[in-house]
Amino acid sequence: ADNTSNFAVTLYSSYPSDNQYDKSEITFTRSVQVQSIYIANTKKVYHYCAFYDEAVKEEEENAAEGEETTPPLELILTISGYNGTMQTSSVEVVLVNGEDILDTWKNVDLSSLGTINKLSFSLASNDIGEYGDNTPLYVCLDNLYYIANL
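These notes cover the structure that comes with them.

Reading the values: the criteria
Residues numbered from 1 in each chain as written. Predicted model: local features only at pLDDT ≥ 70, side-chain atom pairs only at ≥ 80, totals over all residues. Heavy atoms only, no water. Salt bridge = Lys/Arg side-chain N within 4 Å of Asp/Glu carboxyl O. Helix = DSSP H or I, 4+ residues; strand = E, 2+ residues; numbered from the N terminus. Contact = heavy atoms within 4.5 Å. Polar contact = N/O pair within 3.5 Å; in protein donor to acceptor, adjacent residues only side chain to side chain. Core = buried A, V, L, I, M, F, W, Y, C linked by side-chain atoms within 4.5 Å. Buried < 20%, exposed > 50% of the residue type's maximum accessible area, 1.4 Å probe, protein only. Pairing = 2+ DSSP bridges.

A few points about the pattern of salt bridges
Move 1: Tallying each qualifying case throughout the model produces 1 salt bridge.
Move 2: In this structure, K118 and E25 form a salt bridge, with 3.6 Å as the shortest nitrogen-oxygen distance. Here the residue K118 occupies a position in strand β7 (residues 115-125), and E25 occupies one in strand β2 (residues 25-40), the gap between them amounting to 93 residues.

Things to note about unusual backbone geometry
Move 1: We note that N143 has phi near 45°; this positive angle belongs to a residue other than glycine.
Move 2: Position of N143 among the secondary structure elements: in strand β10 (residues 138-148).

Examining the environment of G114
Move 1: Within the secondary structure layout, G114 lies in the loop between β6 (106-109) and β7.
Move 2: Along the chain, G114 and V32 lie 82 residues apart, while their C-alpha atoms are 8.2 Å from each other.
Move 3: Setting aside its immediate chain neighbours within four residues, G114 contacts V32, Q33 and V34.

Observations concerning the side chain of S24
Move 1: Summarising the element assignment, S24 is placed in the loop between β1 (8-11) and β2.
Move 2: Within the structure, the side chain of S24 is placed 2.8 Å from the backbone oxygen of L11, a separation counted as a polar contact.

Here we look at the nonpolar core
Move 1: Of all hydrophobic cores here, the largest spans 28 residues; its most connected members are I39, L77, I79, L95, L110 and L119.
Move 2: At the level of elements, β2, α1 (43-62), β3 (74-83), β4 (86-97), β7 and β10 are the ones that each hand at least two residues to this core.

What about the pairing of β7?
Move 1: Sheet topology note: the β2/β7 ladder contains 5 bridges and is antiparallel. In the strand pairing of β7, I26 is matched with L119.
Move 2: Alignment of β3 against β7, held across 8 bridges, turns out to be antiparallel. Bridge pairing in β7 places L77 opposite L123.

Right, here's the structure in full:
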């Protein structure tokens, strides 16, 4: 975002794990009031979703009347704030909704999360197969703005 070359990429795993390194989280050493963060799809996610959308369109064109087809892809990022172990609130960001695929940085207002000491990121897609999510669950993060509480 803002023409910087450095940003973070997080991978969300929908598989339960007790391993601290499997978590998509940012932990603060003291309480903060988060203001905003920039998010974007990775190229891998964007291309997967664009290909998925084209496949859905082709399926719809070739489907017999009344035949059920694959629904348009949805990918939603949920950013949750925590104060200790208690969740304060969360913000949902639509990354993909059918043909509408986020293709640039988006500034997300996080002020509704209140005073927190941890941010948690989770992704949910409606493209789920036999072994879990088919959609790559990556998201880019940049320019996290917050006010540290003294």
